[in-house]
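Examination of the molecular architecture
Each chain, written out:
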Amino acid sequence: MALQEMSESVYVGMCHKIGTPQKVTSRRDIVDMKELFNNQNGVGGSMRSGSMREGFRFSDSDVDTMFWPTNLRVIWDFSQSEYYNIHRRTLILCDSSESPAGFTLLWLPLERAGQIVLSSCVRMNGRLYISSSKFRENMCESIDPNSRIHGPCSSGTRGPKEVSLEYDDAFCFASDFWPPSASSWIDRCHSWPPPHVVNDIVRNECHFVAIGHKLGNHEDKEWRISFSQAEYKLVCSMNHTQFLTYGLLKLFLKEIINNALGDEDKLLCSYHMKTAVFWAIQQNTLPQWCPQNLLAGFWVCFKLLLKWVYEGISPNFFIPENNMFLSKIHGQAQTSLFSRLYGLYEKGIALLLHSPSIRSSIIDVLCNPRLTVCTDEHTLISEAEFDVELFSEIRSKDSLHTSDLQLCMKYLHTVEQLIGSPLSQYQVVSLQKHTATILQYTAFILHNMCTNTGVNKQVYIADKMSCHMLKLAAKFGCVSDMLYIAMYYYKTLRYREALSVIEMTKVKLAQPYLMYNRHVDRERYTEAVGGHSWSTKMRQAVAMAISLHNEICYINELIPEQQSSRQNGGPAWYIPPHVLLHMLEFLSSRHVDTMRAQTALDDLQVLVHHDQGLYVNYLERDISLEILGICQQITGNLQAALYSYQQSLRQYPWNKIQTATTQRIHELQF
């Protein structure tokens, strides 16, 4: 059996598991757009790192995020201080004289910084140094006391068990200058990465994460130089075969090398796999990285790993003097690991049959030698299937939660600057959804502020502006964004106008091709909007849950739920659009058409109790039952309302409204 045919089959299988080139690019571009807005808050910088950021969507991928203050910058020598206004920036000076390669001490020469940094300092030889261990503990305690320290990170789990995500938050410092100890990397980049990527990497910052070298002189005080941002740019510069080789190595590590091993025996990690791919690409060990050579590329990287383990040396890609095996893979552990890897090496490429994720792709070819495999991207995924992934990604990254009008203005200024910029098609549609969200927040914040002043002229002007922004948002956003207009009309007592918008929205939400929460009739969707731009698809055929910020008043009847969610640490909460539509129709109709109000309530009850997860998924059942109970209580049906509240309490507390629910039950019972 030719290795080429087997490689092509595995390539196709990996594209289905990991993603086609288009899918991976869209994921990265959407996260890029979100980070651009997140870093406008002026407090600090942040970036996602790790597998999720690189474009993988494995079920067990954790969310790695780096945070750093923008008012503290690390410099490598005093001469670099001339680039800063020292009255506005606190400078930290590197002292690598006694640290292993890739690590450094951080010295505060002016002994001036914020409280957390100062409380993390220790004095050595008359100088004030920031202790990595103290800083790590202080940040972990101040940001999330329920988290645990894991390496340089504050770690924990977010979300219910079924969809929970492990997170690693690394609080670090940044430098605008490339580390002198990594200068040799620049000279090494002849064939890969290309010059423009090298220049981009060197121009941008590196970071310092709070962990020291286990064999260093000052482990508790040292900081590791992090190249996460550079590594992300390198991964993005890979072609898709190289990226899938990296993914194949990650699966190989998880499903074959580490399978059935205890945590203490898992000496290799994903970072070693990534480093092996970097070295293999740069050293031109494979003439051509293409689908036909996927398994050959994997084998090159595997042999490199085997060599590293045999020698006990794994050179960091940027600072080769930093041996990443030094403190962990040596002695008996090294011998045992090499024996295990060499046993796999002797099996040849057949070792991949032990991987559940890859096995079927190999068996397909073995059982059918004449099988023709097409690696063309457009044959691997349908248009509707790709769109489900795209809009799910956009929905999950549409989280610019703020109740600060000034920050909203900053966001809108960013939007203005981005218009006309060279954005990818995925960034454009992501920008549209962000813009709609920002306009919605701004409209309600402005209305609430001016209403509180009581000045009629200001209220009138603010109302005109808010209405205009909400209508504009509906043009940029998705079908369900029209409900923000209906909410606003109800809030400002314009019940007939609210019902008019609700009627239009109801028609759009009833379309048989509507996409919501990954549910869609693919055939009807393709027939209705196939071939159109993603902007058009979003506006005509996509609905998303309605996000309400906990600091902004939208509907008076839901204020207790907002307060409960806020008290329990939730920045926002989410209502299924069909549930909100029936609620708004019920509330508005009570003032103009009582029969229509009863019909809306009946429709809401049928939806909440009989929907099979199509329009109300299990994470949204707490708020959906709560809303049904509120509407029942308003009509005077207290027994039904009590039952709805009790049912709401039994759901997973996704929206963190249980305090309000308990209070409503207490009021009905007593």
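Points about helix 8 (residues 228-236)
Count 3.6 residues to each turn of an α-helix, and residues three or four apart come out pointing the same way. With seven of nine residues buried, helix 8 is to be regarded as a mostly interior element. Listed in full, the buried residues belonging to helix 8 are Ser 228, Gln 229, Ala 230, Glu 231, Tyr 232, Leu 234 and Val 235.

So, the state of the cysteines
Per the stated rule, a full pass over the model turns up zero disulfides. With no disulfide of its own, Cys 301 lies closest to Cys 290 among cysteine sulfurs, the gap being 14 Å. Unpaired in this structure, Cys 450 has its nearest cysteine sulfur neighbour in Cys 467, at a distance of 13 Å.

Quick look at the sheet that holds strand 2 (residues 63-69)
With respect to topology, five strands assemble into an open sheet ordered 1-2-10-9-8, the strand pairing being mixed. Strands with a single pairing partner mark the edges of an open sheet, and in this sheet they are strand 1 (44-49) and strand 8 (148-150). With direction set aside, neighbouring strand axes in the sheet form an average angle of 30 degrees. With five bridges connecting them, strand 2 and strand 10 (residues 165-171) associate as parallel partners. Of the residues in strand 10, the one forming a bridge with Thr 65 is Asp 169.

Section: the packing of aromatic side chains
The geometry of an aromatic ring pair comes down to the distance between the two centres and the angle between the two planes. Enumeration over the complete set of coordinates arrives at 37 aromatic pairs. An angle of 40 degrees between the planes, with centres 5.1 Å apart, marks the rings of Phe 135 and Phe 173 as tilted. With a gap of 38 residues between them, Phe 135 in helix 5 (residues 132-143) and Phe 173 in strand 11 (residues 173-175) connect regions that are remote in the sequence. You can call Phe 173 buried: its relative accessible area is 0%. Taken together, the aromatic side chains of Trp 178, Trp 185, Trp 192, Phe 227, Phe 278, Trp 279, Phe 317 and Phe 318 make up a single cluster linked through ring pairs. Lying across the ring of Phe 243, Arg 28 places its NZ or CZ 4.9 Å from the centre. Looking at Lys 250, its charged tip hangs above the ring of Phe 56, at a distance of 5.2 Å from the centre.

A word on the packing of helix 23 (residues 559-567) against helix 28 (residues 658-669)
Two elements in contact, helix 23 and helix 28, have axes separated by 7 Å at closest approach and are oriented at 135 degrees. Judged by the inter-axis angle, helix 23 sits oblique to helix 28. Residues Pro 560, Glu 561, Ser 564 and Gln 567 of helix 23 touch helix 28, and the partners they reach there are Gln 658, Thr 659, Ala 660 and Arg 664. Residue classes in the contact of helix 23 with helix 28 are distributed as two nonpolar, four polar and two charged.

Calculation criteria
Every chain begins its residue count from 1, and numbering advances along the sequence as written. The model is predicted, so local features are restricted to residues of pLDDT at least 70 and side-chain atom pairs to those at 80 or more, both for listing and for counting; the totals for chains, interfaces and linings are taken over all residues. Hydrogens and water molecules were not included; the side-chain quantities draw on all heavy atoms of the structure. Note on classification: 1.4 Å probe, protein chains only; a residue is buried when its accessible area is under 20% of the maximum for its type, exposed when over 50%, partly exposed between these limits. Helix and strand labels come from DSSP, where a helix needs a run of H or I of at least four residues and a strand needs a run of E of at least two; each type is numbered from the N terminus. When two cysteine sulfur atoms are found within 2.5 Å, that pair is recorded as a disulfide. Whether two strands pair depends on DSSP finding at least two bridges between them. Helix axes use the C-alpha atoms of the stretch in contact, all axes being lines fitted to C-alpha atoms, and the angles between their N-to-C directions lie in the range 0 to 180 degrees. A pair of aromatic rings is counted whenever rings of Phe, Tyr or Trp (Trp by its six-membered ring) have centres within 6.5 Å, and the orientation is called stacked for planes under 30 degrees apart, edge-to-face for over 60 and tilted otherwise. Note on criteria: charge over ring means Lys NZ or Arg CZ within 6 Å of the ring centre, with the direction from the centre no more than 35 degrees off the ring normal. Convention used here: angles under 35 degrees read as roughly parallel, angles over 145 as roughly antiparallel, angles from 65 to 115 as roughly perpendicular, and any remaining angle as oblique. Whether two residues are in contact is decided by their heavy atoms, any of which lying within 4.5 Å being enough. Nonpolar residues are Ala, Val, Leu, Ile, Met, Phe, Trp, Tyr, Cys and Pro. Charged residues are Asp, Glu, Lys and Arg, and all others, Gly as well, are polar.

So yeah, pure geometry; function would need other evidence.
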